[in-house]
Structures are given as C-alpha cells and as structure tokens.
Amino acid sequence: MTIVSRPSSVQSLIGGSIELPVHACGHGPAIQSAPWAAEPGTAGIVAVVGAGKMGLPLAAQFADHDWHVIAVDVQQAVVDAINEGRSHVTEEPGLAELVATAHAGGRLRATTDGAAAAREADVVVLIVPVMLDDEQQPDYRSMDSAVAAIAPGLHKGSLVIFETTLPVGDTRDRFTPRLEEASGLSAERDFFVAFSPERLYSGAALRNLATYPKLVGGIGPASTDRAAAFYDCVLDTEVVAMSNSEAAEFSKLADTTYRDVNIALANEFARYAERVNVDIHEVIAAANSQPYSHIHQPGLGVGGHCIPVYPHFLLSRAPELELVELARRTNDGQVGAVIRSIESEIGGLAGVPVLVLGLTYRHGVHELAYSRALPLIERLAHQGALVSAWDPLLLPDEIARLGATSWTWGETAPFRVIVTQTADPLFGGLDPTWFPELEVLFDGRDSLRDLALPAAVAYRGIGVPPRPRAVTAAGPGPGSGPGSG
Ligand SMILES: NC(=O)c1ccc[n+]([C@@H]2O[C@H](COP(=O)([O-])OP(=O)(O)OC[C@H]3O[C@@H](n4cnc5c(N)ncnc54)[C@H](O)[C@@H]3O)[C@@H](O)[C@H]2O)c1
C-alpha cells in the first residue's frame, strides 16, 4: 500500500496564525476497487453514519470523488430526501447541487439500516452528535446506538473512522472493544479504527474541506495508514497522519478550548476596559498587530455545538484543568454582566419591554444549540422584563417556544431596551423611529456602533465606553418610566 503524502503548503506565521491555501482537486477519475485496497486513485464504498449538517457535506464530497456513498440516518425524512436527490441541509452553498448530481449519478443513496450499510461498505465514517447531559458530561446516546448499529456489519478489511469530537481515549477504550465484541473481529488486525476530527464551519463546510488539513490518528499504525489513504482519495487538502487516535482526539479539544479560553480573556479585558473608559476593540486590534498576539473578540458569550461543549469533554477527564473551567464560567457569566449593564442604565427591568435580536447561536445558521439567547431570555424574564424577540431564521412559534413574544421586523413597538445577540448584518437596517420609547441599545456583538441613534437612546456594548442618552429635565433618566424597578 502506498500513501501519498502531500507536502504542507501551509504558511505558519509566528504565534500560530496560518494562511490556508485552497487546494484545487488534483484527482483524476478514480478506479473502482472492490474490496477497496487503500491504493491511491481508487474508490470503494463508504457509509456515512449521521447525514446532518456535517455528515451530508462529507457524503457529497466523497461521492464527488467517485466513491459510492451510503448515508445512514435514524430520521426517515433525511433518508427520504437523500433518496430523492435533495439536500435537507439548506445553509451550505453548493451542497444541493452536489447531492443532486451524486444521486443522479448513482453514487449516493440513504438508509436507516446501519448494519446493512456497514456490511456493504469498505469504510464507515461516524458523524452523529455527542453533546452534554445535564451534568455537563458527554452524552453518548446517539454514538452508542450508531456504533451498536454498524458493528454487526463489520467484516475483514473494514475501516471505521470516528469524526465526531470525542473525549481523549474514547476511540480506543470505549468504542473499539464494542466493535470487536459485536463483530467477532480483532481491531488493527482484521479491521481498522481511527479518529479524524471534523473541524468544518457550518455554512462553509465544502469550502473548508478544500482548505483545512485533515488530521488522522489510528488505534495503531495500520489503522492510521488506512485512514490516511482513505482521506487522500477523497480530499484535496493535505492529510496529516498523527501518532495515535488520542493525539487526534486531543487536537480538536485543544483547538476549541484554546478559543474558549482566549474569548474568556477578551471578556475579562473588556470588563476592565469599561472601568478605565477604553475601547477594547481598539486595544485588541493594536495588540494583535504584534504577530505573537491573537486575542479574540469579547461578546455576549459563546454558543454552538463546539466551543462551549468541548472544554467539558476535557474537564470530564481532567478536572484539574483550572483555566479551562474558569474560562467556561467567565464566558457563561457574560449574560449576567450584560443584564447588569442594562439595569444600571435604566434602573431595573421589572415590567420593561425588551427586544432580543438574533436567537440562533450565530447569524445565518439555523441552530439554537447552546445559543446565549436562551439564558438571556430566561434571565431577562426572571428580572421581570417583558421579552420579545426576532430572528430572520426562526418562525414565530419557534420564538414562542424560547419564552419570548415574536416581534415582526419593521413593526412599531414600545421597547425600552434592545439587545442584539448575533451580529446579523440585517440589524444594520434597524430604524430607531420604529421604537419611540427606546432608551438603550445593547450591542452584544459589536456590530451596531455606526447605527445612528436619537440623543435619547443610550448605546452600550461590551468593553466599549458607553454613549449615554441625553437626559433633559423633563426627559427620561435612569430608573424613570413605567415599570422601573
Ligand atoms: N455543526 C457544526 O458546526 C460542527 C462543526 C464541526 C464538527 N461537528 C461535529 O459533527 C457532529 C455532528 O454535528 P452535525 O452538526 O452534523 O449534527 P446534526 O444534528 O446536524 O446531524 C446529526 C445527524 O445524525 C443523525 N443521527 C443521530 N443519531 C444517529 C444514529 N444513532 N444513527 C444514525 N444517524 C443518527 C441525526 O438524525 C442527524 O441527521 C458534532 O457532534 C460534532 O462532533 C459539528
């Protein structure tokens, strides 16, 4: 077996910043091989288990490199859509076309039967979610059942790759024994097991597949080689073979936790900047002009599937990582800090109509996982505010389920406070005349500082000097107005 290793063309700058080149596809038409023998330029059959926001782009990418792809999902609607040549993931540019082409070319189909797919496949890629339970421990239910489903279908030569982010050691210690037991085969001798972190950015997954180096670590050298050979056939980026599955698992947790800790530091700096009346964004931009400095941006906290979750994967095995734990608390504390800032401006929130703009964890992605909008709405309501909300991606009943009344874009309403939780560019089109009672605009993601506000409206942000509202003898002042507590 030959593994083609592409030399890295990544430019490493001092301090870790990298410029990622976009790799054009250098593959010619692949030679179909059955069973697949891990030779360069060949294609076999791959099962992708979990055909969601990450799994479907992967399936489409593999099919686009001449592999026959069987998407496996527990949701019948997902399976039906794929079998009709439709992408149910709507926010991924280019995905619908790739899915339609792969399906029409007979290279993409879907099933709910994991064992049958694994029986047919040379490679099984697992990309079902592992999130957190109520105790902040990894919630393995989806992955355990996906592993149990495929294991009986494994055969000699099967390659199983975990792409879902996992705590360090899980590929080898939690899942490999289950695969061996259910298949009656021996890992690293009869079949292969590897971990390869999925590092794509939702909404840019296909583009990232052509840029991000693919990290691979097996439970032994044969597994590493086999997995690297697979990615060399289906991806155009460089493939980085790591020492083992633990190193590959840790790399994803290190990357995401670094960002959480970095953001926590930015949030701490922002609090101090407020105290000394300095704009933290000016400070960070200036500091980052030194190539060793990579300070991230402060904000209303950290949401989404990844960054707020994976530090807990580390902490579940290494509670001694104090900095990691403190960073989580700092970032989670941002919602409370914002509420205190608003209260200091208007005197109290009891009975105050408040509009929250942007509810998904990030603008443009229809995903509420760990969105800071959820505790924001809860805390505002707890303080007695009358909370309304709007998000261009959510329907009124979705907003109602989050505990807020749905506002309609452009509707005149008596909100005294507006808080933005995402940096949706649409918010730049807010017209203050829609809100005749408005007293405070809280810019939670530093995206609205150029919005022209009437003198009676205060502008507040995170780590920026407040722009107070003009208070006249007759006009509003802190604590005035109906319902002030
Ligand atoms: N979403 C992101 O931005 C992102 C980025 C990088 C990495 N990831 C990784 O990808 C994983 C999956 O994320 P996603 O965004 O694709 O999730 P998703 O919720 O969009 O999709 C998961 C899919 O798995 C299916 N599924 C659940 N249990 C299953 C089972 N037992 N068998 C078969 N299918 C099953 C679901 O029906 C769903 O279609 C995450 O846990 C994370 O490790 C996600």
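Residues numbered from 1 in each chain as written. Predicted model: local features only at pLDDT ≥ 70, side-chain atom pairs only at ≥ 80, totals over all residues. Heavy atoms only, no water.

Some points on the overall build of the protein
Logical step 1: Helix and strand counts for the protein stand at 15 helices and 20 strands.
Logical step 2: In terms of principal-axis extent, the alpha carbons of the protein reach across some 85 × 45 × 40 Å.
Logical step 3: Here the protein, with 485 residues, has 52% of them falling under the buried criterion.
Logical step 4: Sequence separation of 24 or more characterises 70% of the internal contacts of the protein that already satisfy a separation of 6 or more.
Logical step 5: For the protein, the exposed area adds up to about 20300 Å²; of that, 56% sits on carbon and sulfur atoms. (Helix = DSSP H or I, 4+ residues; strand = E, 2+ residues; numbered from the N terminus. Buried < 20%, exposed > 50% of the residue type's maximum accessible area, 1.4 Å probe, protein only. Contact = heavy atoms within 4.5 Å. Areas by Shrake-Rupley, 256 points an atom, 1.4 Å probe, with all protein chains shown as cover.)

Brief notes about the packing of aromatic side chains
For any pair of aromatic rings, geometry is given as the distance between the ring centres together with the angle between the planes.
Logical step 1: Counted according to the given criterion, the structure contains 18 aromatic pairs.
Logical step 2: Ring geometry for Trp36 versus Trp67: centroids 5.0 Å apart, planes at 65°, classification edge-to-face. With Trp36 in the loop between β3 (31–32) and β4 (42–43) and Trp67 in the loop between α1 (55–64) and β6 (68–72), the pair connects residues that are 31 residues apart, well separated along the chain.
Logical step 3: Relative to Phe435, the ring of Trp407 lies with its centre 5.6 Å away and its plane at 45°, an arrangement referred to as tilted. In this pair, Trp407 is assigned in the loop between β17 (405–406) and β18 (417–420) and Phe435 in the loop between β18 and β19 (440–443), connecting sequence segments 28 residues apart.
Logical step 4: Judged by its relative accessible area of 3%, Phe435 is buried.
Logical step 5: Over the face of the ring belonging to Tyr140 we find Arg174, whose NZ or CZ atom lies 3.6 Å from the ring centre. (Phe/Tyr/Trp six-rings, centres within 6.5 Å; stacked < 30°, edge-to-face > 60°. Lys NZ or Arg CZ within 6 Å of the ring centre and 35° of its normal.)

A short note on the domain arrangement of the protein
Logical step 1: Looking at the protein, the domain boundaries give domain 1 (25–243), domain 2 (262–332) and domain 3 (337–461).
Logical step 2: Just the C-alpha atoms count here: the centres of domain 2 and domain 3 sit 23 Å apart.
Logical step 3: Taken together, the contacts link 14 residues of domain 2 with 17 residues of domain 3.
Logical step 4: Regarding the contact of domain 2 and domain 3, the summed buried area is about 1100 Å², with carbon and sulfur atoms giving 56% of it.
Logical step 5: Taken together, the links from domain 2 to domain 3 amount to 2 salt bridges. (Domains from an automatic or database assignment. Buried area = accessible area lost by both parts, 1.4 Å probe. Salt bridge = Lys/Arg side-chain N within 4 Å of Asp/Glu carboxyl O.)

Describing the site of the ligand
Logical step 1: The immediate surroundings of the ligand are formed by 25 residues, with Lys53, Met54, Asp73, Gln75 and Thr165 found nearest.
Logical step 2: With respect to the ligand, the backbone of Met54 contributes an N or O atom lying 2.9 Å from an oxygen atom.
Logical step 3: Within the side chain of Tyr310, a nitrogen or oxygen atom sits 3.1 Å from an oxygen atom of the ligand.
Logical step 4: The fraction of the free accessible surface of the ligand (830 Å²) that becomes covered by protein chains is 90%.
Logical step 5: Its residues assigned to classes, the shell around the ligand shows 12 nonpolar, 9 polar and 4 charged.
Logical step 6: Of the residues that make up the shell around the ligand, three or more belong to each of domain 1 (25–243) and domain 2 (262–332). (Near = heavy atom within 4 Å. Polar contact = N/O pair within 3.5 Å; in protein donor to acceptor, adjacent residues only side chain to side chain. Nonpolar A, V, L, I, M, F, W, Y, C, P; charged D, E, K, R; others polar.)

Structural notes on the confidence of the model for the protein
Logical step 1: Of the residues in the protein, 93% reach a pLDDT of 70 or more, and the chain-wide mean stands at 93.
Logical step 2: Across residues 7–15, confidence stays below pLDDT 50; counting only partners more than four residues off in sequence or on other chains, it has 21 contacts.
Logical step 3: A low-confidence stretch, residues 474–485 (pLDDT under 50), is modelled with 23 contacts involving residues beyond four sequence positions or located in other chains. (pLDDT = per-residue confidence, 0-100.)

A short note on the sheet that holds β6
Logical step 1: Pairing is mixed in the open sheet, where 8 strands are placed in the order β7-β6-β5-β8-β11-β12-β13-β14. With one partner strand each, in any of the chains shown, β7 (108–111) and β14 (239–241) form the two edges of the open sheet. Within this sheet the neighbouring strands show an average axis-to-axis angle of 25°, counted without direction.
Logical step 2: With 3 bridges connecting them, strand β13 (residues 214–218) and β14 associate as parallel partners. Within β14, the residue paired with Val216 across the bridge is Ala241.
Logical step 3: Where helix α6 (residues 170–183) meets the sheet, it contacts β11 (159–162), β12 (192–195) and β13, and its direction lies at approximately 150° from that of β12.
Logical step 4: Here helix α8 (residues 221–234) sits on the sheet and contacts β5 (45–49), β8 (123–126), β11, β12, β13 and β14; the angle it forms with β13, its principal contact strand, is near 155°. (Pairing = 2+ DSSP bridges. Axes fitted to C-alpha atoms, helices over the stretch in contact; angles between N-to-C directions.)

Remarks on the pattern of salt bridges
Logical step 1: What the rule picks out here adds up to 24 salt bridges.
Logical step 2: The partner of Glu325 in a salt bridge is Arg329, and the shortest N-O contact between them spans 3.0 Å. Here Glu325 and its partner Arg329 are both found in helix α12 (residues 322–332), 4 residues apart, which amounts to about one turn of the helix.
Logical step 3: Of the residues examined, Arg329 reaches a relative accessible area of 52% and is grouped as exposed.
Logical step 4: In this structure, Glu345 engages Arg469 in a salt bridge whose closest nitrogen and oxygen atoms are separated by 3.2 Å. Linking Glu345 in helix α13 (residues 334–346) with Arg469 in the segment after β20 (458–461), this pair joins segments that are 124 residues apart in sequence.
Logical step 5: With a relative accessible area of 5%, Arg469 lands in the buried category.

Some details on the sheet that holds β20
Logical step 1: Pairing is parallel across the open sheet formed by 6 strands, whose spatial order is β17-β16-β15-β18-β19-β20. Two strands in the sheet have a free side with no partner beyond their single neighbour: β17 and β20.
Logical step 2: Where strand β15 (residues 353–357) meets β18, 4 bridges bridge the pair, whose relative direction is parallel. The residue of β18 that forms the bridge with Val356 is Val419.
Logical step 3: Sitting on the sheet, α13 touches β18, β19 and β20, and the angle it makes with β19 is about 160°.

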